[in-house]
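# Architecture at a glance
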Amino acid sequence: MKYTKRGRLRFSSHRDFQRAFERALRRAAVPMAYSAGFTPHPKVSYAGAAPTGVASEAEYLEISVATRCDPADLRELLDSSLPTGLDIVEIVEAHGGNLPERLQASIWELALSGVTTEEAGRAVTAFLAAEEVEVGRMTKNGLRTFDARAAVVDLTVTTPDGNDAGHQGVDAKSGSPCAILRLVVRHTTPAVRPDDVLSGLRLVAELVTPTAAAVTRLAQGPLDTATNTVTDPLAPDRAVLAVELSSQGDEDLRTGPQGGAEPVVEASNR
């Protein structure tokens, strides 16, 4: 299942989304499969959630259901049960494989209001030229230091209208310069987040952003190392479904329509 965090809902935490999604499951009367034990819980698996305060066009989760559901109908029911900004984009039936393992990298967009494309370009060049960029992050166990450079697959500068940087970008709302960074980063442990890369840019090139960067995850999925791009994690499931539908169509042509009740199964939807 692919969903988004847009607008003001980007400030919702992962726990906030979990509560909203579980309420949506109840409102939509989804026939959920539940865990065993004294306190059964609906089988929901969240993968690679974006940090609080970050918008995203590509969040993913899996649910297990007690009876097979039509993905299109389920998407409509759940989407209408969630607040605007938490939008269900697509649901496909799972056909094996581990969804979290497919989420190998993310594409991020960072809007740096008050920073010219020239300033950003110089900082990006210095960052990419460095073999290692050590940054620190405060955790519950104290300050943790790690290399932010190793996980970065690609980092480029564009302008607000989407053209490659070659002139000073301007934020149409404020009229101030605005550089856009397009970042492709591997999912590693510890995770390298967009703010860690910004910390690295500040260290290697003294790039200072007057205001907080507006960050959006554009995609996450398998990493194509040949092109340094991120591909669709749901593509394998769609491919299996297409083969099954094609085979079913051939079988119907040979045998004609078959009657009988639909079996009760535990299925998984992504």
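From a predicted model like this one, the values you see are computed outputs, not experimental measurements.

## Observations regarding the pattern of salt bridges
Inspection of the entire model under this criterion finds 12 salt bridges. Between Asp 237 and Arg 102 there is a salt bridge, and its shortest N-O distance comes to 2.8 Å. Pair noted here: Asp 237 is in helix 6 (residues 235–255) and Arg 102 is in helix 3 (residues 99–102), with a separation of 135 residues, a long-range link. Exposure remark for Asp 237: the relative accessible area of 1% places this residue in the buried category. For Arg 102, a relative accessible area of 13% puts it in the buried group. Residue Arg 193 pairs with Asp 195 through a salt bridge whose shortest N-O separation is 3.5 Å. With a relative accessible area of 40%, Asp 195 lands in the partly exposed category. Several salt bridges converge on common partners, so that one network encompasses Arg 6, Glu 57 and Asp 87.

## Points about the packing of aromatic side chains
Counted by the stated rule, this structure contains three aromatic pairs. On the basis of an interplanar angle of 5° and a centroid distance of 4.2 Å, the ring pair of Tyr 3 and Phe 17 is categorised as stacked. Separated by 14 residues along the polypeptide, Tyr 3 in strand 1 (residues 2–5) and Phe 17 in helix 1 (residues 14–27) bring together distant segments of the chain. Both residues of the pair, Tyr 3 and Phe 17, count as buried. Consider the rings of Phe 17 and Phe 21, whose centres lie 5.7 Å apart with planes at 20°: the pair is stacked.

## Considering the confidence of the model for the protein chain
For the protein chain, the average pLDDT comes to 88, and 86% of its residues sit at 70 or higher. Note that residues 261–266 has pLDDT below 50 and, in this model, 12 contacts with residues that lie over four places away or in other chains.

Calculation criteria
Residues numbered from 1 in each chain as written. Predicted model: local features only at pLDDT ≥ 70, side-chain atom pairs only at ≥ 80, totals over all residues. Heavy atoms only, no water. Salt bridge = Lys/Arg side-chain N within 4 Å of Asp/Glu carboxyl O. Helix = DSSP H or I, 4+ residues; strand = E, 2+ residues; numbered from the N terminus. Buried < 20%, exposed > 50% of the residue type's maximum accessible area, 1.4 Å probe, protein only. Phe/Tyr/Trp six-rings, centres within 6.5 Å; stacked < 30°, edge-to-face > 60°. pLDDT = per-residue confidence, 0-100. Contact = heavy atoms within 4.5 Å.

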